Every structure is written in structure tokens, then in C-alpha cells.
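Per-entry structural report
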Amino acid sequence: VAFIEDSVEMGGVQYSTYLLAEQIIKEKSVDARIFLPSEGIFSTLCQQYAIPFTIYNSSPYISTSFSLFYGRLRIPNPLAWVYNICAILLNSIRIKKKLKQHVPHLAVTKGLLTHISAGLACKSLNLPVIWHLQDLISKRYFGILNSIFNQLANIIPDHIICDGKIIKDSLKGPVYQRSDIVLNGIKTDNLKRCLKSRDEVRRDLYIPTNAYVIGNLARFTPWKGQEFLLQAFTKYSKQNKNAYLMLVGSPLFDNDRYYKRLKQLVSKNDLWGRVIMPGYRSDLRNIFSAMDLFVYPSIEKDTSPLALISAISFGLPVVISSINTLEEILRLCPSLDTFNLNQIDGIISLMEKYEDESQQLIIGEINRKNGVKHFDISVHGLKMGVIFRRINKSA
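First, a word on scope: everything that follows refers to the structure included in this document.

**Examining the overall build of the protein**
A count of helices and strands for the protein gives 15 helices and 15 strands. Relative to the 2.2 N^0.38 estimate, which gives 21 Å for 395 residues, the radius of gyration of the protein is 21 Å and therefore close to what a compact globule would have. Across the 395 residues that make up the protein, the buried fraction comes to 53%. Accessible surface, the protein as shown: approximately 18,000 Å² in total, 55% of it carbon and sulfur. Put simply, the protein has 48 plus and 34 minus side-chain charges, and the middle of one group is 5 Å from the middle of the other.

Shown next as C-alpha cells:
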């Protein structure tokens, strides 16, 4: 199987590719090779863990819109559309050249524009291709983007794998019947509470040992909802002087305007020392060990994000925003608490609920069991392997 990636930066999509490739190589169920657009963090990770990879030297894509008011408004950029179409065609040629060298039996594409460029390359080689959709296509611009995407989805891929039901439901036409839902997976055996790590991380970040730490881990981008969480914590911090907020992440794939805005809000409310922003961290066990409550306040389109299912599988009490894209996670893990994004007092009441350490332990243990059952990489790998073999056999 050739996994064709669109980035060498390590976001959730990239980690899901790495984890799946590692799992199927370990099980010896499928041979895997990752195709990367350039050298970088991802290729270094592949080298470190002996995962075969190939660089296809892609031309970079650029944003097709201008972002205003910290992502609340987007205006189309026609020149970017023209540039990206040219880049798609050029990258398709480069990917085709690399695929001919390695002759895989099946390709799995990642990332919106790479679905198109790599998909075209595969079609020209009569190579079966699966689009792995891990993001909901925006309905902006009167649904034009969604319509174009669906037309291409009915022409290019032999099959589509969606990491959430809402993504599958957005597919229209015959392609709907050629799609499956497989939620993301993570390595749950590495996610176990460590008291030593808890003390070390808190000490390094100047957080008192007995503090109540509310945490979030996500890319800093408006739709991840960190601003809403910060507003709620600002109000809550006045009643609980022992509470701290840990916002872990970086503005990966985005400019840093939103990140700077959050820092300005922290300064405005004189919360430095109470709001900790340690940047990007990959040592999830250590970071989660330092938390008492995990809050996931996404505003839109998240389906089975790795950070969320990792926090659940770690055994933290978890509260999530009541958006429709997270309903599938909630059905599998009914012990999660939800809050309305329009009601700050609702999330504050949940912060108050988990001040109780016994509640943290009871709900955390239930979450841990559900996380291991539904999100372990072995479960994910088994489901994906079945689909890969089926599509390859029918090609």
C-alpha cells in the first residue's frame, strides 16, 4: 500500500498515517510505503522507525482564501485557485513517476488537493486508489466547494474511507455506496498515567503540585475553540485561585495571528502564570499526566481527532463541545460530558464538577476502558486492512 501524504509537518492526519503504517508493518499484514512531498519532520520519523518512504518533491499548495477576523470570515482568492490547479497537475506527474518506480498494488491518499493530484496519477496508471477523508469539506461559498468535491469523488477514487459518519453523509451520488467509516486509532498502551511525569511537568511549567489543572491539546486555529475555553477559564479563575489552564499546541499549518490573539487575551486578563502555553509537545503521556481535566471545545468539523481520543484513552475525565461532528465519539463514550458553546456557565459548571478528585478517577477509568476498546491502533489497523484487501482484490 502506498500512503500518499500532503505534508511533512506532524499534525493529526500525518500521525494517523504514521501509526497505521507502523501497525500494519508490525503485523506483517500489508507492506507499506509512505510518499512524502519533501524531507522534514515526517521523513525523519520514518527513518527513525524504519518505515519505508519516498520523496516526490511536490510544488506547495497555497490557501485559496484570505482569512479575516481571526478566521471568522474568508474571502476567495482566485489567483490561488489558478496556481493550485497548476500545482495539482505538476504534482500529479511527479507522483506518477514515483509510483511507477515502486509499483504498489493500492494507493491511499491524504489531504484535499493530494486526493486530486495523486488520484489522477493513480487513474492514469490503472492503480486502485482510496481517498482517506479526515476533514469535513466546508460549505462556504454557497456549497460550491462541496459540489465540486463530490463530482470529483464520484470520478476519481475507487473507494473512500471516512473518519466520521458526518463526512460519509456529506458524500452524494454513487460514491456514497463506495465508502466506509473507520474512526482514527492511537497506541493506547503508551498512554498510562505516571505520577513521576506529573510532578516533573508541573515543576518544569511552574505549576503547583496540588493545583487543579484544566488542559487542552490541539493546533492553534480558530475552529479548535481555544478562545472559548480561555474566556470560560478567565471567569472560572476568579472563583478558584488554585486552577490553572494548560493550552498545548502550536499554529501548525496556520499563521500565528490567532495564537497571538490568545496571548493578548491572557495578558489583558492578567493571567500569565495561571494560563500555561508550552507550545508543541509530542510526549502525550507526560502532558496528560499533568492534567486533571481535558476540555475539547471545537467549534466545527472535528470528527475523531487524535488529541481527543488520546485523552479519552489515557483515562482523563473529558468534556467536549456539543457539536454534531463529535456525536459519534459521544455515542461510543457516553461518560463524556458536553457543553453548549453559547453558554459559558455550562462549561464552568463542568470545571467545578471535576474539582472532586473522586469524580476524576471514576469517570477517567470509564473513559480509559472505552478508549482502549474503540480507538486502539490494533482495532483501526484491522478495519483498514480488511478494506485494503477487499479493494485490491476487486480491482
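**Here's the deal with helix 11 (residues 306-314)**
In terms of residue burial, helix 11 counts as a mostly covered element, since nine of its nine residues are buried. Along helix 11, the residues classified as buried are L306, A307, L308, I309, S310, A311, I312, S313 and F314. Of the residues one or two after helix 11, G315 is the one with positive phi, at around 105°.

**Overview of empty space enclosed by the protein**
Taken as a whole, this structure holds one cavity of 30 Å³ or more when the rule is applied. Its boundaries defined by the atoms lining it, the largest cavity holds a volume of some 40 Å³. Along its surface, the largest cavity is lined by V182, L183, N184, G185, H374, F375, D376, V379, H380 and K383. Among the elements of the structure, helix 14 (357-375) and helix 15 (377-394) are those that each provide at least two residues to the lining of the largest cavity.

**A closer look at the nonpolar core**
Formed by 64 residues in total, the largest nonpolar core has its most connected members in F3, M246, F294, L308, V318 and F388. Excluding its chain neighbours within four sequence positions, the residues that come into contact with L308 are F294, Y296, V318, I320, L326 and I329. Ranked by size, the runner-up nonpolar core spans 30 residues in total, among them Y212, I214, L230 and A232.

**Some words on helix 15**
If you check helix 15, its first and last C-alpha atoms are 26 Å apart, about what 18 residues at 1.5 Å a residue would give, namely 26 Å. For helix 15, the set of buried residues is I377, H380, G381, M384, G385, I387, F388 and I391.

**With respect to the pattern of salt bridges**
All chains considered together, the criterion is met by eleven salt bridges. The partner of D169 in a salt bridge is K165, with the nearest N and O atoms 2.7 Å apart. Taken together, the positions of D169 and K165, both in helix 6 (residues 165-169) and four residues apart, correspond to about one turn of that helix. Across the pair D180 and R390 runs a salt bridge, and its minimum N-O distance is 2.8 Å. Of this pair, D180 sits in strand 9 (residues 179-181) while R390 is found in helix 15, placing the two residues 210 residues apart along the sequence. Given a relative accessible area of 22%, D180 falls into the partly exposed group. The class for R390 is partly exposed, based on a relative accessible area of 40%. One connected set of salt bridges, linked through shared partners, spans R198, R202 and D292.

**Here we look at unusual backbone geometry**
One non-glycine residue, V103, lies in positive phi territory at about 50°. The topology assignment puts V103 in the loop between helix 3 (78-102) and strand 6 (107-110).

**Some remarks on the side chain of S92**
If you trace the backbone, S92 turns up in helix 3. Its relative accessible area of 9% is what places S92 among the buried residues.

**Remarks on the sheet that holds strand 12 (residues 275-279)**
Strand order across the open sheet formed by six strands is 12-11-10-13-14-15, with parallel pairing between neighbours. The sheet terminates laterally at strand 12 and strand 15 (337-339), the two strands that pair on one side only. Each adjacent strand pair in this sheet contributes to an overall mean axis angle of 25°, direction not counted. Sheet analysis places strand 10 (residues 212-217) next to strand 11 (residues 243-248), joined by six bridges and oriented parallel.

**Section: a nonpolar patch on the surface**
A contiguous nonpolar patch, built from I85, L89 and L120 and spanning about 270 Å² of accessible area, is present on the exposed surface. Structurally, L89 can be placed in helix 3.

**What about the state of the cysteines?**
Considering all chains together, one arrives at zero disulfides under this definition. The thiol of C46 is not disulfide-bonded; the next cysteine sulfur, from C122, is found 18 Å away. Judged by its relative accessible area of 1%, C46 falls in the buried class. Cysteine C162 remains unbridged, with the sulfur of C122 as its closest cysteine sulfur at 18 Å.

**Structural notes on the packing of aromatic side chains**
One pass over the full model with this rule turns up nine aromatic pairs. On the basis of an interplanar angle of 65° and a centroid distance of 6.1 Å, the ring pair of F3 and F388 is categorised as edge-to-face. Residue F3 is located in strand 1 (residues 2-4), and its partner F388 is located in helix 15; the two are separated by 385 residues in the primary sequence. Grouping residues by exposure puts F3 and F388 together as buried. Centroid distance F288 to F294: 5.8 Å. Interplanar angle 85°. Geometry classified as edge-to-face.

**Structural notes on the pairing of strand 13 (residues 293-296)**
Burial along strand 13 is two-sided: the face carrying L293 and V295 and the face carrying F294 and Y296 are both buried. Sheet topology places strand 10 next to strand 13; two bridges connect them, and they run parallel. By the bridge assignment, G215 is partnered in strand 13 with F294. Of the strand pairs in this sheet, strand 13 and strand 14 (residues 318-321) are connected by three bridges, and their pairing is parallel. Within strand 14, the residue paired with Y296 across the bridge is I320.

So, how was this worked out
Residues numbered from 1 in each chain as written. Predicted model: local features only at pLDDT ≥ 70, side-chain atom pairs only at ≥ 80, totals over all residues. Heavy atoms only, no water. Helix = DSSP H or I, 4+ residues; strand = E, 2+ residues; numbered from the N terminus. Rg over C-alpha atoms; globule rule 2.2 N^0.38 Å. Buried < 20%, exposed > 50% of the residue type's maximum accessible area, 1.4 Å probe, protein only. Areas by Shrake-Rupley, 256 points an atom, 1.4 Å probe, with all protein chains shown as cover. Lys, Arg positive; Asp, Glu negative; His and termini not counted. Charge placed at Lys NZ, Arg CZ, Asp CG, Glu CD. 1 Å grid on protein atoms, 1.4 Å probe; cavity = no way out; pocket = protein on both sides within 12 Å on 5 of 7 lines; lining within 4 Å. Points joined across faces, edges and corners; volume = space filled by probe spheres on them. Core = buried A, V, L, I, M, F, W, Y, C linked by side-chain atoms within 4.5 Å. Contact = heavy atoms within 4.5 Å. Expected span 1.5 Å × (residues − 1). Salt bridge = Lys/Arg side-chain N within 4 Å of Asp/Glu carboxyl O. Pairing = 2+ DSSP bridges. Axes fitted to C-alpha atoms, helices over the stretch in contact; angles between N-to-C directions. Patch = residues over 30% accessible without salt bridge, like charges linked within 9 Å, V, L, I, M, F, W, Y side chains within 5 Å. Disulfide = S-S within 2.5 Å. Phe/Tyr/Trp six-rings, centres within 6.5 Å; stacked < 30°, edge-to-face > 60°.

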